[in-house]
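Per-entry structural report
Chain by chain, the residues:
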Amino acid sequence: MLFNSLEYLVFLPVAWMTFWAAPSRWRVHVMLVASYVFYASWSVPYAAMIFGLVVMNYAFGLVLGRPIQRRKALLAVFVGVDLAVLAIFKYFDFGLTSLASGANWLLGSSWEPPLLRFVLPLGISFFTFEFIHYLVDIYRGDMPVHSFSKFHVFAAFFPTQIAGPIKRFQQFVPSLASLGRFDSALAKEGLWLIGRGLVKKVLLADRLAPLATQGFSAAGIGAIGTADAWVTIFAFWLQIFFDFSGYTDIARGSAALFGFRIPINFDAPYLATSLVDFWRRWHISLSSWLRDYIYIPLGGSRRRRAIVTRNLLITFVLGGLWHGAAWHFVAWGALWGAGLSLQHLLRGRVTVPRTVPALVVGWMFTQLFVLVSFVLFRADSFASAGVMLQAMAGYGAASGLQSVVRSVFVVGTAVALIVFSLAGRLGWRPPRIAVPVGGYLRPALFGAATALVILFASVAAPTGRQAFIYFQF
């Protein structure tokens, strides 16, 4: 069930009104039912698998919360079980085909290994990271969640179950105690976020997607012009931001309608003036997870430069693999690890003044690095990535793939995004939707308003419904 679908148009208001009509003690259970209906609309067997993982990790948390011996070994086993489930579905075939390719190249053989060919369960990477966070933090001293229903809602919460943001149970579970009253101010904010997210997804990301797809398809067959290559990568630069931040807005807005506050996941990332600054602003829930559960346990930045470089490379290579079981994602992560390592090595040796020209240069370098990295992220193969990078460097074929109108649309959207982002940083906020509320019908009125927003977005979709990019991860 997509956020930008007519099914969600029906599901969200019905779930919302049922939730607020139920007695407060039953609202957690209503949310659980709604969450499984949401996931089961895609796959009933995988919804059952998610339930099994929830039960398993709930038990793991209770065991780790006890003063027992060998807690570290138990933690390793429990985390290993979660990672094994992820590996079977996401990485087994990739690892086996990579091994076979290497063996065939070395030995001149033609071994074709048997593959599992599992369909990747939606959101399994996000589920796994939340489970690992829960277990590790209990090991570090936090109290486990003793209520199964509360832990169950944390894990299965439908607004964030497919593509995040990655939640922390210390902030989420306490919010379950405030579900006794309807917060109209929070609901207004939620409706605003849903509307903004649908605009980003339907009116912007889905219109940019064909431009990016067409350009990378041309690079895949070895022919794309320099101007076309730049328009293509800028189209994807915009598409992935509007697509994923749009999803996050709808997720946060949907959660707010039920009384939950979900943390932001983007903070004007295309205003970043350094590589470190970019990851403080982009996919914040993932970058903070990688920092807290991989980078810092490896030693963080308080070690010798060689160790810090190793830590950054390991962290971002694993971050690349988290995005997908493909070597171009590994290369994308390695590029970011190398870039951040270089920035760390230069820190303290090169003093950069905090002047406007220096900030502009830092911004231009950062965004150029982001654009180049997105070539590796988006390309289907190293060959097509090489063609795209070569064309961007000025060695492309004849241009003509993208029309002048399309090019102006991409450039104009990019400029508008930067201007609005700068205006937002300076304190300007666009006017928000005023929704009249009153009496006992407030949830129903908000539900009707939400349905109208989703209906408008569905009708305005340029080429039908398109899945969000991060659903594949």
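A brief structural summary. (Residues numbered from 1 in each chain as written. Predicted model: local features only at pLDDT ≥ 70, side-chain atom pairs only at ≥ 80, totals over all residues. Heavy atoms only, no water.)

Concerning the pattern of salt bridges
- Per the counting criterion, the structure on display carries 10 salt bridges.
- Here Arg140 ties to Asp137 by a salt bridge, and the two come within 3.8 Å at their closest N and O atoms.
- We classify Asp137 as buried; its relative accessible area is 7%.
- Asp249 is the salt-bridge partner of Lys200, the closest N and O atoms lying 2.9 Å from each other. Residue Lys200 is located in helix α9 (residues 184-220), and its partner Asp249 is located in helix α10 (residues 226-257); the two are separated by 49 residues in the primary sequence.
- Taking the relative accessible area as the measure of exposure, Asp249 reaches 4% and is therefore buried. (Salt bridge = Lys/Arg side-chain N within 4 Å of Asp/Glu carboxyl O. Buried < 20%, exposed > 50% of the residue type's maximum accessible area, 1.4 Å probe, protein only. Helix = DSSP H or I, 4+ residues; strand = E, 2+ residues; numbered from the N terminus.)

Digging into the packing of aromatic side chains
- Applying the stated criterion across every chain yields a total of 62 aromatic pairs.
- Ring centres of Phe3 and Tyr247 lie 4.9 Å apart, and the angle between their planes is 15 degrees; on these two criteria the pair is classed as stacked. Of this pair, Phe3 sits in the segment before α1 (6-21) while Tyr247 sits in helix α10, and the two are 244 residues apart along the sequence. Of the two residues, Phe3 and Tyr247, both sit in the buried class.
- Ring plane angle 40 degrees and centroid distance 6.0 Å describe the contact between Tyr58 and Phe151, whose orientation is recorded as tilted. Of this pair, Tyr58 sits in helix α3 (residues 44-64) while Phe151 sits in helix α7 (residues 148-156); the two residues are 93 residues apart in sequence, bridging distant segments of the chain. The pair Tyr58 / Phe151 is uniform in exposure class, with both members buried.
- Between the NZ or CZ atom of Lys167 and the centre of the ring of Phe154, over which it lies, the distance is 5.1 Å.
- Between the NZ or CZ atom of Lys167 and the centre of the ring of Phe172, over which it lies, the distance is 5.5 Å. (Phe/Tyr/Trp six-rings, centres within 6.5 Å; stacked < 30°, edge-to-face > 60°. Lys NZ or Arg CZ within 6 Å of the ring centre and 35° of its normal.)

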